[in-house]
Amino acid sequence: MQPIDFRSDTVTKPTPAMRRAIADAEVGDDVYGEDPTVLRLEARIAERLGLEAALFVPSGTQANQLAIGAHCRQGDEVLTEAGSHILHYEGGAVPALWGVQPGPLPGTRGLLTPEVVEAAVREENIHNPRTRLLSLENTHNRGGGAVWPLERFRAVVEVARKAGLAVHLDGARLFNAEVAAGIPASSWAKLTDTTAVCFSKGLGAPVGSALVGRADLIREARRLRKRLGGAMRQAGILAAAALHALEHHVERLAEDHANARRLAAGLAQLPGVKVDAAHVETNMVVAEFASRPAPETVALLARHGVLTNTAGGPGLLRLVTHLDVSTRDIDEALARIRRAVVA
Ligand SMILES: *Cc1c(COP(=O)(O)O)cnc(C)c1O
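Conventions used here
- Residues numbered from 1 in each chain as written.
- Predicted model: local features only at pLDDT ≥ 70, side-chain atom pairs only at ≥ 80, totals over all residues.
- Heavy atoms only, no water.
- Helix = DSSP H or I, 4+ residues; strand = E, 2+ residues; numbered from the N terminus.
- Rg over C-alpha atoms; globule rule 2.2 N^0.38 Å.
- Buried < 20%, exposed > 50% of the residue type's maximum accessible area, 1.4 Å probe, protein only.
- Contact = heavy atoms within 4.5 Å.
- Areas by Shrake-Rupley, 256 points an atom, 1.4 Å probe, with all protein chains shown as cover.
- Lys, Arg positive; Asp, Glu negative; His and termini not counted.
- Charge placed at Lys NZ, Arg CZ, Asp CG, Glu CD.
- Domains from an automatic or database assignment.
- Buried area = accessible area lost by both parts, 1.4 Å probe.
- Salt bridge = Lys/Arg side-chain N within 4 Å of Asp/Glu carboxyl O.
- Polar contact = N/O pair within 3.5 Å; in protein donor to acceptor, adjacent residues only side chain to side chain.
- Near = heavy atom within 4 Å.
- Nonpolar A, V, L, I, M, F, W, Y, C, P; charged D, E, K, R; others polar.
- Axes fitted to C-alpha atoms, helices over the stretch in contact; angles between N-to-C directions.
- Parallel < 35°, antiparallel > 145°, perpendicular 65-115°, else oblique.
- Left-handed = near helix turned anticlockwise from the far one by under 90°.

Novice: I keep staring at the overall build of the protein chain and nothing clicks. Help me out?
Specialist: A count of helical and extended segments in the protein chain gives 14 helices and 13 strands. Computed over C-alpha atoms, the radius of gyration of the protein chain comes to 20 Å, within 12% of the 20 Å expected from 2.2 N^0.38 for 343 residues, which places it in the range of a compact globule. Dimensions of the protein chain, computed from the C-alpha atoms along their principal axes, are close to 60 × 50 × 35 Å. Here the protein chain holds 343 residues, and 55% of them are scored as buried. Here the contacts in the protein chain between residues at least 6 apart in sequence split such that 74% fall between residues at least 24 apart. Surface summary for the protein chain: the accessible area is close to 14700 Å², and the carbon and sulfur share equals 50%. With 39 positive and 39 negative side-chain charges, the protein chain shows a spacing of 4 Å between the two charge centroids.

Have a look at this one:
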């Protein structure tokens, strides 16, 4: 039995057309600035996000961390929602790499209010860390794929600006937000100083992310990328996949979102399973399987050919739809999950 894999949208394999784009890529040494495909990708993504410049990097973690390094000095503070990726899933990089202090803020499904941000900014005083940066996340991973409503995003950014903070957006899944909200990704990105996007999540590229933003910050990030060992040589091989993904795999994210809703509706019908359908905004479903601890449910479903992850809370599982699960796979997965939990 072929497992159906909902662990993450990172598990996709390059399509045959993407592999052809990779094979045909024109390349050069990108550390010398001579890889035409990387240069094309950087220009394309900067334009698409309405920002000045871009830097191609190996991972979303590196994109976020280069932003923090470019914005902050040692002893500065970065404000971010308490469940954010930069605090939970980047190996402690914020303090380890930059000596920057995290200021975790309470949010709802990962989203902040202007009041919470305003109250958290510290006054200028020798006792205090210097609050320097606000880092937001769209869509929000631990928030179950929540999309920032643009007006709320704008209000939060405005408060940060008034307090003299720089603004970074972790947009690993920003194109999911674009498709779900029906507004361009640039609507959010152009309000920021830097925005990170991933090509290796829902867009289906094998490797790669970009840090996009103001030209002076991207110049500094380029220095820091070299320092971290993230400068790559004939990286056009990878950039070609990212360009292909931008061209062919953005609009189709709507299918992943429809599949997530279908999955949520099916799960909600199972005895002992709870799903809040209103919270399925993009390609993630968080479901509560009440009758056993989440790790046991994950193991049970895996034995029935459905791969999932725990989602933090008691009994909570996360299921992510992507390029390599079809609508037929959703129905097959629901049948397998029913057999697993009803038996
Ligand atoms: C996946 C992810 C990243 C980056 O992850 P990498 O595995 O380093 O590419 C950053 N932010 C969010 C919200 C993510 O989901």
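Novice: When you look at the domain arrangement of the protein chain in this model, what are you seeing that I'm missing?
Specialist: The accessible area lost on association of the parts is a frequent measure of interface size. Here the protein chain is described as being made up of domain 1 (16-248) and domain 2 (252-342). Put simply, the middle of domain 1 and the middle of domain 2, counted by C-alpha atoms, are 28 Å apart. Taken together, the contact between domain 1 and domain 2 spans 16 residues of the former and 12 residues of the latter. When the buried area of domain 1 at its contact with domain 2 is split by residue, R109, G144 and N176 rank highest and sum to 35% of it. Put simply, domain 1 and domain 2 have 1 salt bridge between them. The partner of R109 in a salt bridge is E281, with the nearest N and O atoms 2.8 Å apart. Inspection of the region where domain 1 meets domain 2 yields 6 residue pairs in polar contact (both at pLDDT 80 or more).

Novice: Hey, could you run me through the site of the ligand in this one?
Specialist: Around the ligand lies a shell formed by S59, G60, T61, N64, H85, E90, E137, N141, D170, A172, R173 and K201. Take G60: an N or O atom from its main chain is 2.8 Å from an oxygen atom of the ligand. Contact between the ligand and D170: a nitrogen atom at 2.6 Å from a side-chain N or O atom of the residue. Protein chains shield 84% of the accessible area of the ligand, which is 390 Å² for the free molecule. When residues of the shell around the ligand are assigned to their parent elements, the largest contribution, 3 residues, is made by helix α3 (residues 60-71). Class assignment of the residues belonging to the shell around the ligand gives a composition of 1 nonpolar, 6 polar and 5 charged.

Novice: Is there a simple way to explain unusual backbone geometry in this structure?
Specialist: The amide bond that connects N138 to the next residue, T139, takes the cis arrangement and shows omega of -5 degrees. Within the element layout of this structure, T139 appears in the loop between β5 (130-137) and α7 (150-162). Notably, R109 is not glycine yet its phi reads approximately 50 degrees, a positive angle. On the basis of relative accessibility, which here comes to 23%, the residue R109 falls in the partly exposed class.

Novice: Would you mind going over the packing of helix α12 (residues 253-268) against helix α14 (residues 327-342) with me for this structure?
Specialist: The axes of two packed helices give the description: the angle between them and the distance between them. One can describe the packing of α12 onto α14 by two numbers: an axis separation of 10 Å at closest approach and a directional angle of 20 degrees. As judged from the angle between their axes, α12 and α14 are roughly parallel. In this structure, α12 crosses over α14, and the sense of that crossing is right-handed. For the pair α12 and α14, the contacting residues are N259, R262, L263, G266 and L267 in the first and T327, I330, D331, L334 and I337 in the second. Split by residue class, the contact of α12 with α14 holds 5 nonpolar, 3 polar and 2 charged.

Novice: So what exactly am I meant to see when it comes to the pattern of salt bridges here?
Specialist: Opposite charge on two side chains allows them to pair when their charged atoms are near. Per the stated rule, a full pass over the model turns up 18 salt bridges. Note that E255 is salt-bridged to R252, the shortest N-O span being 4.0 Å. Its relative accessible area of 48% is what places E255 among the partly exposed residues. For E332, the salt bridge is made with R336, and the minimal N-O distance between the two is 2.8 Å. Residue E332 and its partner R336 are located together in helix α14, separated by 4 residues, close to a single helical turn. Accessibility expressed as a relative area gives 32% for E332, which makes it partly exposed. Three or more residues joined by partner-sharing salt bridges are found here, namely R161, D193, R214 and D216.

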